[in-house]
Amino acid sequence: MCGIVGAVRNSDASGFLLEGLRRLEYRGYDSAGVVIINQDGDLERARTVGKVAELEHALNQAPLMGMTGIAHTRWATHGGVTEPNAHPHICNGTLALVCNGIVENHETLRQKQHEAGLAFTSQTDTEVVVHQVYLHLQKGLDLADAVRATMKELEGSFALAVVHAGEPDRLVAARQGPPLLLGRTDDESFIASDINALLPVTRQYQVLENGDVVDLRGANCLIKDRTGVVVDRLVRTSSQSGDSADLGEYRHFMQKEIHEQPRAVADTLEGRLRGDQVLEDSFGREATRIFDATRQVCIIACGTSYHAGLVARHWLEYVGVPCEVEVASEYRYRRHASREGTLVVTISQSGETADTLAALEEAKRQGVAGSLVVCNVPESSLVRESDLAFMTHCGPEIGVASTKTFVSAMTGLLLLALALSRRRGFDSGFEAHVVHQIRTLPAALESALGMETAIANMAQAFGDKQNALFLGRGAHFPIAMEGALKLKEISYIHAEAYAAGELKHGPLALVDERMPVVAVAPNDLLIEKLKSNLEEVRARGGRLYLFADPASGLIESEDVQVLHVAPVDSAIAPIIYTVPLQLLSYHVALIKGTDVDKPRNLAKSVTVE
Ligand code: M6R
């Protein structure tokens, strides 16, 4: 989703700004732009629709040079994907501004600004913001005060950065919602939406809090809170590597990240198990106290992370822990009957998903026994806002479609179920058995990756399809949901998942010889039920594509293709059966020729609701 970078340097800032945009690309965007204050004190702007490479090309043709500047990747919310709608927006040729998020009362402000004689060149809510800051400057306010005054008038959730041609060594930025970080060296200062963009210049950063306005003047940065009081924010040191991500032998980051899963899960498990036991402090110092007080779990997440939560419900209920799983965007606006002793668990690879953050806030407002986040980004907002954090340690995930973070999050949630099982009377033998299975995960994932060539062949059948159905039962229904989501996201084929037993209650009407039906069939307690459901598909002429345990008894025929998944214990089967579905969607997307790592309209870090 939108990304901001800005700098007040003592040498040319354009290289940092462009590299910063490249490092924010993974968040998802559809246009990019930059403004620099040149040596004559004029604003110079370049904007392009499409990739940052387009902007780079434009800058190669007509370079911008200057020590202070702001840049932006835009993910369209208000107004189409056009160059006039790309940021930065400029008012009166002197004031330039970039903004992330949404300004809800932009219509009202726009009307007033029209009446004040201001002209508009875009359909965005952001242009209203730059006009509003300009109006305050006109009244004689200083730039930082004008930004603070503007923030008080805006409704919504946003982060912004602004530069003024008359003050070439100054940048003002503010946060009211989406994250914004401040980085400094001895004599320069920088802002960015996330740490990746700051890493080429510094590992040290401060996180602005909501309401903060920061005034950057080279080495001198002043942060004031919403009341105008000078505040200091904790200086943190990032543990992330500054190396820009490298594809190595792979064609796409998604493929690389699918293949990294054995290593990612091994890293997730590192230091989390001792002998036959899960180490509770993997979840944080307060874990034992909070787990002791936990009577039930409420899991809140979005998208793929929500699917991880649905799998976890099976594990938690198996060990006797009542569990509900909620889509964050629904949870945040619903009335709840809060129950004492609830552990609220959020799942988020980015740790910045706006709906999940707001839902966590709402859950805490209701009163909870504690909050735990399962997350891949240590510096993220959800980690900061939660009592406990289970970090998945799988390294940066660049592909917009979540893969390794999904299997690592499920691994963490299985450890959580084991930690809570002790309090539900499950003996150490049970924990030892599951821990033993968990230790086999990296090898079992590696074995599943060995199916890639066969899956690439299977994918050929999907190249001309517009629709697909995915089926699963029990803990594998969410895996089927995840398979359908992956196919939708990266191949743009319409795919839906059903609990296989639901077929005859409606979706069976869709089945004919043109409808591919994908199913995951581990050899578990539900296999015979699933086989009956698959027969219902065959009887209607449907084509079946099955990922099945060799002992399932499912056999190939003209209308049934079966790829065998090596036998795995049912405790870890959902994690393993994820892999063939990821590979299937990846290879279908290759055939379709889509932009696998940056699918249209999607963002890696969804910081608006
Ligand atoms: O960063 P999060 O895990 O909170 O993101 C939640 C969803 O936006 C995310 O899982 C999305 O569905 C992915 N594109 C899935 O591949």
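On a predicted model such as this, the values are computed, not experimentally measured, just so you know.

Colleague: Mind showing me how you'd approach the site of the ligand here?
Modeller: Taken together, 14 residues sit near the ligand, with Ser 305, Ser 348, Ser 350, Thr 353 and Glu 489 positioned nearest. A distance of 2.6 Å separates an oxygen atom of the ligand from a polar atom in the side chain of Ser 305. Here an oxygen atom of the ligand and a side-chain polar atom of Ser 348 are 2.6 Å apart. Mapped by element, the contributors of at least two residues to the shell around the ligand are helix H10 (303-318) and helix H18 (476-491). It is H10 that provides the largest number of residues to the shell around the ligand, a total of three residues. The class makeup of the residues in the shell around the ligand is four nonpolar, eight polar and two charged.

Colleague: In this structure, what is going on with unusual backbone geometry? I would like to understand it.
Modeller: Of the consecutive residues His 87 and Pro 88, the connecting peptide bond is found in the cis state with omega at 0°. Checked against the element boundaries, Pro 88 lands in the loop between strand S4 (68-74) and strand S5 (89-91). The phi dihedral of Asn 92 falls on the positive side, at around 60°, and the residue is not glycine. Among the structural elements, Asn 92 can be located in the loop between S5 and strand S6 (95-103). Given a relative accessible area of 51%, Asn 92 falls into the exposed group.

Colleague: Quick question: what am I supposed to make of the sheet that holds strand S13 (residues 220-224) here?
Modeller: Remark on secondary structure: sheet strands pair via backbone hydrogen bonds, oriented parallel or antiparallel. Taken in spatial order, the seven strands make up an open sheet running S5-S6-S7-S8-S12-S13-S14, and their pairing is antiparallel. Looking at strand neighbours, the two that pair on one side only are S5 and strand S14 (230-231), the edges of this open sheet. Strands S5, S6 and strand S7 (156-164) of the sheet are contacted by helix H4 (residues 126-138), whose axis makes an angle of about 130° with S6.

Colleague: I'm lost on the pattern of salt bridges in this one. Help?
Modeller: Here the idea is simple: oppositely charged side chains can pair when their charged atoms come close. This structure, assessed with the given rule, holds 36 salt bridges. Between Glu 385 and Lys 364 there is a salt bridge, with the nearest N and O atoms lying 4.0 Å from each other. Taken together, the positions of Glu 385 in helix H13 (residues 381-385) and Lys 364 in helix H12 (residues 354-366) put the pair 21 residues apart, joining distant regions of the chain. A network of salt bridges, in which partner residues are shared, links Asp 142, Glu 167, Arg 170, Asp 215 and Arg 217.

Colleague: Where do I start with the packing of aromatic side chains in this structure?
Modeller: Pairs of aromatic rings are described using the distance from one ring centre to the other and the angle between the two planes. Summed over all chains, the structure comprises seven aromatic pairs. Plain terms: the ring middles of Phe 283 and Phe 291 are 5.4 Å apart, the flat faces sit at 70° to each other, and that makes the pair edge-to-face. Summarising the burial analysis for this pair, Phe 283 and Phe 291 share the class buried. The rings of Phe 283, Phe 291 and Phe 390 are connected pair by pair, giving a single aromatic cluster. Residue placement shows Lys 51 over the ring face of Tyr 29; its charged tip is 5.6 Å from the ring centre. A cation over an aromatic ring shows up here: Arg 272 above the ring of Phe 390, its NZ or CZ 4.1 Å from the ring centre.

Colleague: Any chance you could explain the sheet that holds strand S3 (residues 43-49) here in plain terms?
Modeller: If you trace the eight strands from one edge of the open sheet to the other, you get S3-S2-S4-S1-S10-S9-S11-S15, paired in antiparallel fashion. Looking at the sheet topology across the chains shown, the edges are occupied by S3 and strand S15 (235-237). In this sheet, neighbouring strand axes are inclined to one another by 20° on average, regardless of whether the strands run parallel or antiparallel. Across three bridges, the pairing between strand S9 (residues 181-184) and strand S11 (residues 204-207) is antiparallel. Among the inter-strand pairings, Gly 183 is bridged to a residue of S11, identified as Tyr 205. Against the sheet, helix H1 (residues 14-24) makes contact with strand S1 (3-8), strand S2 (31-37), S4 and strand S10 (189-192), and its axis sits at roughly 160° relative to S1, the strand it touches most. Running over the sheet, helix H2 (residues 52-61) touches S2, S3 and S4 and is turned about 135° from S3.

Colleague: Explanation requested: the domain arrangement of the chain in the structure shown.
Modeller: Each domain of the chain was delimited in the assignment, giving domain 1 (3-237), domain 2 (250-439) and domain 3 (449-598). With centres defined by C-alpha atoms, the gap from domain 1 to domain 2 works out at 34 Å. Carbon and sulfur atoms make up 57% of the surface buried where domain 1 meets domain 2, a total of about 610 Å² over both sides. Summed over the three residues of domain 1 that lose the most area to domain 2, namely Tyr 26, Pro 179 and Tyr 205, the buried surface amounts to 54% of that side. Counting across the domain 1 and domain 2 interface gives zero salt bridges. Inspection of the domain 1/domain 2 interface yields zero residue pairs in polar contact (both at pLDDT 80 or more). Within the residue set of the side of domain 1 that touches domain 2, elements represented by two or more residues are S11 and S15. Residue composition of the side of domain 1 that touches domain 2, by class: five nonpolar, one polar and two charged.

Cut-offs used in this document
Residues numbered from 1 in each chain as written. Predicted model: local features only at pLDDT ≥ 70, side-chain atom pairs only at ≥ 80, totals over all residues. Heavy atoms only, no water. Near = heavy atom within 4 Å. Polar contact = N/O pair within 3.5 Å; in protein donor to acceptor, adjacent residues only side chain to side chain. Helix = DSSP H or I, 4+ residues; strand = E, 2+ residues; numbered from the N terminus. Nonpolar A, V, L, I, M, F, W, Y, C, P; charged D, E, K, R; others polar. Buried < 20%, exposed > 50% of the residue type's maximum accessible area, 1.4 Å probe, protein only. Pairing = 2+ DSSP bridges. Contact = heavy atoms within 4.5 Å. Axes fitted to C-alpha atoms, helices over the stretch in contact; angles between N-to-C directions. Salt bridge = Lys/Arg side-chain N within 4 Å of Asp/Glu carboxyl O. Phe/Tyr/Trp six-rings, centres within 6.5 Å; stacked < 30°, edge-to-face > 60°. Lys NZ or Arg CZ within 6 Å of the ring centre and 35° of its normal. Domains from an automatic or database assignment. Buried area = accessible area lost by both parts, 1.4 Å probe.

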